[in-house]
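Letter by letter, the chains look like this.
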Amino acid sequence: MPGSATEPYDLAVIGAGCAGLAGAVAASEQGLTVALLDASAQIGGQFHRHPAPALGAARPRAPHHDEAAFDGLRRRLEASDIAPLLGHHVWSVVRESGESWAVHATTGADGEEERPVRVRARALLLATGASERQLPFPGWTVPGVVGAGGAQAMLKSGLVLPGRRVVVAGSGPLLLAVASSLAAAGARVPAVVEASGYLRYARHPHALAANPGKLAEAAVHGSALLRHRVRLRTRSAVTAVHGTERVEAVTVSRLDTRWRPVPGTDRRVPCDALAVGHGLVPQLDLATSLGCATRPTPDATRALALDDLQETSVPGVWSAGETGGVGGAQLACTEGELAALAVAARLRGRPALTGSRRALTLRRRRDRMRAFADAMAAAHAPGPGWTRWLTDDTDVCRCEEVTVGGIREAVTDFGARDARTVKLLTRAGMGWCQGRVCGAAVACLAADGGGAVPSSTDRRPLAVPVPLGVLAALDEAGEAGEPGDTRARCLTPRDA
Amino acid sequence: MVGAACAYYAGLAGLSVTVVDRGAVAGGTTGAGEGNLLVSDKEPGPELELALLSARLWRELAKSLPPRIEYETKGGLVVASGPAGMAALRDFAAGQERAGVEAHEITPDRLTDLEPHLAPDLAGGFHYPQDAQVQPALAAAHLLRASDAQVRLGAEVTSLLAGPDGRVTGVRTATGVLHAPHVVNAAGVWGGELARRAGSDLPVLPRRGFVLVTEPLPRVVRHKVYAADYVADVANGSAALQTSAVVEGTAAGPVLIGASRERVGFDRGLSTEVLRRLAAQATALFPVLAGVRAIRTYAGFRPYLPDHLPAIGPDPHVPGLLHACGHEGAGIGLAPATGLLVAQLLTGEQPHMDIGPFHPRRFEASRGTRSGPHLS
Ligand SMILES: Cc1cc2nc3c(=O)[nH]c(=O)nc-3n(C[C@H](O)[C@H](O)[C@H](O)COP(=O)(O)OP(=O)(O)OC[C@H]3O[C@@H](n4cnc5c(N)ncnc54)[C@H](O)[C@@H]3O)c2cc1C
Ligand SMILES: Cc1cc2nc3c(=O)[nH]c(=O)nc-3n(C[C@H](O)[C@H](O)[C@H](O)COP(=O)(O)OP(=O)(O)OC[C@H]3O[C@@H](n4cnc5c(N)ncnc54)[C@H](O)[C@@H]3O)c2cc1C
C-alpha cells in the first residue's frame, strides 16, 4: 500500500534494455525486491524494439536477431514478481539519508497529466544504454538526413523506411547492420560509407578469435549486403549533402588515415536519404550527477569506470551495458546478470555468490567481449582530421543554430577552452537537446582537434525535461496516491 | 566578470594589463550565475551606492559593447502576496528612493498590465525601472576583449613574487612567471585561496545557488519578477537553505528561475528540495509555468564574505596586492564600479566613492593569529 511505512526496494534498475532486463530478472531470482523503470512504453531497449501494438504489424522479420535470448528474458520477467514501471522518465537519482537512494521519475506524459513518482531502493543498477554520436558536415540538417541508429529504430518499431535510395555513412559496426536491415526492408542502398578501414580489426586477432559470435554476426551482415549488391566504401566519408527541401545526392570523399578528405576524390552519389552515425556514446547523465567516475574509451568518448563486479566508484551504484562502454547486446546481458549477483552478494551478505561458478563464467565472458569491444572502438575512433570537412557556415548545434565559425570565434577570440565555455559564449548545447546531439562535435572543436577525448563528461543534473508543476509537487511524493491520482506517488515494493 | 572589468578600466587609465586565469574566460562563477543588474534588492548603504554607480557604468558600456552581451533595461517587479508584505515593501522602497533609486508602487489591478501572466491574487508590488540584465559570460568575454589586455588562459597562479621589501613583483603560474608591480586578486570564490597563496588571508566562502532553466518560450515573463521575501534572503547570512524565486524571461527564450542560497561548501550534488521550492515559488507567481518543462538546472558558487560586502582595495599586509572579490550574488552587477575603483586605486587617483566599507582590512579585527611570510 503506497504511502504507509515506506520500505525501500532492494534494487532499482533504470533502463529495461538487455542489461537492465538481465539484471532485474537475475536479482529477482536471487530473492531481491526489484523496481525496473524505463522511459519507453515497452521493455527491450534499443536492440529489441518492437512495432507498437497499435500498428498491428505482423511479427517483424529481418531486424530481430537474438530473438530467443530476448524471449527467454521476457519469460523470466513474467515469471518474476517485477511489475516494470514503463513510461517512467527518470530525471534524477539522489542519495537519501540512511542507506537508500531516491529515484525521481515523471510519468503520465503520454496523455494523462504528468506526475512525479519516487522510488526508493537500497541499491541501484544504471542500465541507461547509449545514444548515437553525430559529427556534423555541410548539409546534415537537410530533411532526409537521419541517424543510422534512428533509421534502424524506426524500422524496428514502425517499419518505416527513411527513403527509397538510402546511403548509409559514418563509422562503426552498426552501419552494416543498418544497411542490411534497410536493404531487407526494400530500400536500395547505393553505398555504405565507412570512415575507418576494417583492416584495423586485424591488429587485435586475440580479441577477434575469442569472439566467434561477433564474426558470425559480421558475416551475416556481409552476405546480406552482398545479396543486395550494396557497396562498402571504407576510408571514405560523406562530406556534403546536396538538396535544400530534401536530400538529392551526397558527396563521398576518400579519407587519409587521419580522416582528412583527400583532394580530388569527391564523387556524387544520388540518393533521397542519408542514414549517418559515428558510433554510440554512453548515456551517463544520471551517473555523473551521482558523482560516478568515468574513463576515456578508445573511441574518444567517456564511459563509466567499473570494478570487476560492475560497481561504479560510488558504493551502492552498479552499472551494466553500454553505460560502461559500448559493446553490444550479449555483453549487456552478461554484465546485467553479473551486477545482479554482486548486488545480491552485498545486500544479503553472501560474498560467496561473486565467486560462484556462474559468476566466474560471467566474468570471463564479460572480459572477452569487453576486449573485443575495445578493439572495435579503437578501430572506429574518429580521426583528428574530420573537422576539415566542415565549412564555417556548417551548423553544429541545430537547436540554437550555432555554426562552426561561431564556435571557432569563441575559442580564438573570446577565450573559450572547453565545451562548457563554448556553450556559454555561443549557446551551442543550450537548446532542447542540451548538447546530447552536438556535444561530441563541440568538444572536438573547442579542443581544436578532431579526435580529442573530452576531459570530463557534461553534467546534466536533469536527465530528462521535467514540468515545473511536477517539480513543485515533489513534496507530495510521500503521500498516498493511486496510479490515476494526479498527485505524486511514492512506490514501495508492496505497490508494484 | 570582475577581472574583466578591472582590466577594462585599468586599460582605460593607461595601465598595461595582463589577465591570468587557470581556466577559460567566464569559466568560474560568472558562467554559472544569472546576469541581473539589480538595484531593487539592495537596502540603502554602501552596496546600493556601488550598485547605482555600476548601473550608470553598465549603461555606458552597453553603448560601446556589441548587442550580443544582451544588455536590457527590462526593469524589476517585486510583488507582495498580502498587505503586510506590501507595507514592508513600501517602507523599503521609501528608503531606497531617498538614496536615489527609482521605485513606483503598482496597485494589484495594474500588476497584469506589467505582467499579464501573474497570479491574480497578489496584493501589489513595486516597479524598479533601473533594474537591468546582461548575459554574464558574453558580457565578460566582450568586456575583456575591449580592454586590450593580454590574456593568458590555462595558467594557474600558484604564488606571488615579492622583492626583499615584501612588495609584490609579479606572480608565479603553472606555466611561467609574470612580472608586475601590482597584482589584483579577482579570483571570485577562490579569492580566499589566492590570498593565502599570497601569504595573506580573506574569509571568502562559497554560497551555493541553483538555477532552473525552462524550454524556450515566447515572452511570458517581461520583467525580473520576484516575491518580497527575496530581499530578506539576500541579506541573511545563515548557512541554511533559502529560496525565493526570481523569475525572468531571456532574449533567447528560456525562462530562468533562480536562485537558492545555501552554504554547503563546493558540493554540486543536486538537491531536489531546492528544485521543488524554486518550482513551487515560480509557479505560484506565474501559474502558466506549471506545464512548462525545466530542461536544465545548474549550480554555481557565489563568493561570499561574512558581511555581504565585496573586498575592494589594498591588502593590509602585502604591498602591491589589491583585492577585488567576494561580490556574492551581485558580482555581475557590481563589476564595472569595482573595476573603476580598482583602476583609480592603482593610478593613485581619488576614488569615485569611499572604499572604506569595502576595505579588506575590515576582517583583521575579527581574526586571530595569521601565518604567512609577510607578517610584520
Ligand atoms: C539504434 C541502435 C541500433 C543497434 N543495433 C545493434 C545491432 O544490430 N546489433 C548489436 O549487437 N547491437 C546493436 N546495438 C547495440 C545494442 O542495442 C546494445 O548493445 C544493447 O541494446 C545494449 O543494451 P543496454 O541495456 O545497455 O542499453 P539499451 O538497450 O539502450 O537500453 C537502455 C534503456 O534505458 C532507458 N533509459 C535511458 N535513460 C533513461 C531515463 N533517464 N529514464 C528511464 N529510462 C531510461 C532507455 O529507454 C532504454 O530502454 C544497437 C544500438 C542502437 C542505439
Ligand atoms: C546561481 C547564481 C546566480 C547569480 N545571479 C547573479 C545575478 O543575477 N546578478 C549578479 O550580479 N550576480 C549574480 N551571481 C553572482 C555572480 O555570478 C558572481 O558574483 C560573479 O560572477 C563573480 O565574478 P568574479 O569575476 O568575481 O568570479 P569568477 O567568475 O568566479 O572568476 C574568478 C576566476 O578566477 C580564476 N581563478 C581562481 N583561482 C585562480 C588561480 N589561483 N589562478 C588563476 N586563476 C584563478 C577562476 O578560474 C575564475 O575564472 C549569481 C551567482 C550564482 C551562483
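Residues numbered from 1 in each chain as written. Chains lettered and ligands numbered in written order. Predicted model: local features only at pLDDT ≥ 70, side-chain atom pairs only at ≥ 80, totals over all residues. Heavy atoms only, no water.

Residue and element names in this part refer to chain A. Summed over the entire model, instances satisfying the criterion amount to 36 salt bridges over all chains. Here aspartate 10 makes a salt bridge to arginine 122, at a shortest N to O gap of 3.0 Å. On the criterion of sequence distance, the pair formed by aspartate 10 in strand β1 (residues 9-14) and arginine 122 in strand β6 (residues 115-126) is long-range, its members being 112 residues apart. Given a relative accessible area of 7%, aspartate 10 falls into the buried group. The salt bridge partner of aspartate 308 is arginine 363, with a shortest N-O separation of 2.5 Å. Of the two residues, aspartate 308 is situated in the loop between β18 (302-304) and β19 (317-319) and arginine 363 in helix α9 (residues 357-379); the sequence distance between them amounts to 55 residues. (Salt bridge = Lys/Arg side-chain N within 4 Å of Asp/Glu carboxyl O. Helix = DSSP H or I, 4+ residues; strand = E, 2+ residues; numbered from the N terminus. Buried < 20%, exposed > 50% of the residue type's maximum accessible area, 1.4 Å probe, protein only.)

It is worth spelling out the interface of chain B and chain A at this point. Across the boundary between the two partners, chain B contributes 39 residues, which contact 33 residues of chain A. In total, chain B and chain A occlude about 3200 Å² of area from one another, counting both sides; carbon and sulfur atoms represent 64% of this. On the surface where chain B and chain A come into contact, there are two salt bridges. We note a salt bridge from B:Arg68 to A:Glu409, for which the minimum N-O separation is 3.4 Å. There are 11 residue pairs in polar contact (both at pLDDT 80 or more) connecting chain B and chain A. Those elements that provide at least two residues to the side of chain B that touches chain A are α5 (136-146), β12 (205-216), β15 (254-261), α8 (272-285) and β16 (293-304) of chain B. The element contributing the most residues to the side of chain B that touches chain A is α8(B), with six residues. Where strand β22 (residues 466-467) of chain A and β16(B) come together, two bridges link them in antiparallel fashion. Directly across from A:Pro467, in β16(B), lies its bridge partner B:Arg293. (Contact = heavy atoms within 4.5 Å. Buried area = accessible area lost by both parts, 1.4 Å probe. Polar contact = N/O pair within 3.5 Å; in protein donor to acceptor, adjacent residues only side chain to side chain. Pairing = 2+ DSSP bridges.)

A separate point is the UniProt feature "domain: BFD-like [2Fe-2S]-binding" (unreviewed entry) in chain A. Mapped onto this numbering, the UniProt entry annotates "domain: BFD-like [2Fe-2S]-binding" (unreviewed entry) at residues 396-443 of chain A. Taken end to end, residues 396-443 of chain A has its terminal C-alpha atoms 11 Å apart, with 46% of it in helix and 8% in strand. (UniProt positions renumbered as here; feature names shortened; annotations may be inferred.)

All names here are of chain A. Along strand β2 (residues 34-38), five of the five residues are buried, which leaves the element largely enclosed by surrounding structure. Both faces of β2 are covered, namely the face carrying Val34, Leu36 and Asp38 and the face carrying Ala35 and Leu37. Both β1 and β2 contribute to a ladder of four bridges, which runs parallel. If you follow valine 13 over to β2, its bridge partner there is leucine 36. Viewed along the sheet, the connection from β1 through helix α1 (residues 18-29) into β2 turns out right-handed. (Right-handed = clockwise from strand over helix to strand, strands pointing away.)

Residue and element names in this part refer to chain B. For chain B, the domain assignment lists domain 1 (2-65 + 136-204 + 307-363) and domain 2 (76-129 + 205-304). Taking the mean C-alpha position of each, domain 1 and domain 2 sit 27 Å from one another. Of the residues lining the interface, 24 residues belong to domain 1; the matching set on domain 2 comes to 34 residues. When the two sides are added together, the surface that domain 1 and domain 2 hide from each other amounts to roughly 2200 Å², 61% of it contributed by carbon and sulfur. (Domains from an automatic or database assignment.)

On to empty space enclosed by the protein. If a probe the size of a water molecule is rolled over the atoms, the empty space left behind becomes visible. Residues and elements named next belong to chain A. Per the stated rule, a full pass over the model turns up one cavity of 30 Å³ or more. Roughly 50 Å³ of internal volume is contained in the largest cavity. Forming the boundary of the largest cavity are Leu135, Phe137, Ala169, Gly170, Ala237, Val238, Val276, His278 and Trp389. Listing elements by their share of the lining of the largest cavity, those giving two or more residues are β9 (166-171), β12 (236-242) and β15 (273-278). For the lining of the largest cavity, the per-class residue count stands at seven nonpolar, two polar and no charged. (1 Å grid on protein atoms, 1.4 Å probe; cavity = no way out; pocket = protein on both sides within 12 Å on 5 of 7 lines; lining within 4 Å. Points joined across faces, edges and corners; volume = space filled by probe spheres on them. Nonpolar A, V, L, I, M, F, W, Y, C, P; charged D, E, K, R; others polar.)

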